[in-house]
Amino acid sequence: MLVRYRKDYQKIALGLLSLVKDLRKDNRFMEEMDWALANDWPIFLWKDMDDSHFIGIVILEIGDCYVLVRRLSFTPSERSGHNIFSLLDGVHDQYPHKRLMGTLATQPIISMWERNNE
């Protein structure tokens, strides 16, 4: 289930962002969060419906006709296609008239999700 980021979720969000390899390398996950908030980009956490724990995070950039998935991260034990595709389904449901797109890092996942939904 998608849950919009709130300030009281900051530690959880930073923990999930710290799992992104290129952010972890230089401890840039706080900068990434600040950058997303400064640009007013939506941040959503993904909550596991079975045990109500947050297991993923997505940072989006919203354009006129697209939703760009800038960052996507899951806990190591929850990186299954099912969880990732469910999160992307939730994003698509949130923005039904916009096309999901990815960065160089996230586009392969978006492409797999699109093929899965054909």
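The model shown is predicted, which means the values in this text are computed figures rather than measured ones. (Residues numbered from 1 in each chain as written. Predicted model: local features only at pLDDT ≥ 70, side-chain atom pairs only at ≥ 80, totals over all residues. Heavy atoms only, no water.)

### Some points on the sheet that holds strand β2 (residues 43-47)
Going by this rule: Think of it this way: DSSP has to see at least two bridges between two strands before they count as a pair. A run of DSSP states H or I qualifies as a helix once it reaches four residues; a run of E qualifies as a strand once it reaches two. Both are numbered from the N-terminal end. Axis lines are fitted through C-alpha atoms, for helices just across the contact stretch, and the angle between N-to-C directions can take any value from 0 to 180 degrees. Only heavy atoms enter the contact rule, under which two residues are in contact if any of them lie within 4.5 Å.
The strand order β1-β2-β3-β4-β5 describes an open sheet built from five strands, whose pairing is mixed. At either end of the open sheet lies a strand with only one pairing partner, and these are β1 (2-4) and β5 (99-102). Taken pair by pair, the neighbouring strands of this sheet meet at an average axis angle of 35 degrees, ignoring direction. Where strand β3 (residues 54-62) and strand β4 (residues 66-74) come together, seven bridges link them in antiparallel fashion. Across the sheet, Gly 56 pairs through a bridge with Phe 74, a residue of β4. Helix α1 (residues 10-17) rests against β2, β3 and β4 of the sheet, and its axis sits at about 85 degrees to β3. Across the sheet, helix α4 (residues 81-94) is in contact with β1, β2, β3, β4 and β5; its angle to β4 comes to roughly 150 degrees.

### Observations regarding the environment of Trp 41
Rules: Remark: exposure states derive from per-residue accessible area (1.4 Å probe, protein chains only) relative to the maximum for the residue type, with buried under 20%, exposed over 50%, and partly exposed in between.
As for its placement among the helices and strands, Trp 41 is situated in the loop between α3 (29-38) and β2. Since its relative accessible area comes to 14%, Trp 41 is described here as buried. C-alpha separation for the pair Trp 41 and Ser 111, spaced 70 residues apart in sequence, amounts to 22 Å. Ignoring sequence-local partners within four residues, the contact set of Trp 41 consists of Trp 35, Ala 36, Ile 59, Leu 60, Glu 61 and Arg 70.

### Considerations on the pattern of salt bridges
Filter applied, for reference: Put simply, a salt bridge is a Lys or Arg side-chain nitrogen that is within 4 Å of an Asp or Glu carboxyl oxygen.
Inspection of the entire model under this criterion finds six salt bridges. For Arg 6, the salt bridge identified is with Asp 8, shortest N-O distance 2.8 Å. According to the relative accessible area criterion, Asp 8 is exposed, its value standing at 55%. With a closest N to O distance of 3.5 Å, Glu 114 and Arg 99 form a salt bridge. Pair noted here: Glu 114 is in helix α5 (residues 107-116) and Arg 99 is in strand β5, with a separation of 15 residues, a long-range link. Given the relative accessible area of 49%, Arg 99 is considered partly exposed. Three or more residues are tied together by salt bridges with common partners; here these are Arg 28, Glu 31, Glu 32 and Arg 71.

### Quick look at α1
Note the cut-off: Of all possible arcs, the one meant is that of the directions from the helix axis to the C-beta atoms.
Among the residues making up α1, those that are buried are Gln 10, Ala 13, Leu 14, Leu 16 and Leu 17. On an axial view of α1, the arc spanned by its buried residues comes to 160 degrees, and they lie on one face. Against the buried residues of α1 lie α2 (21-24), α3, β2, β3 and β4.

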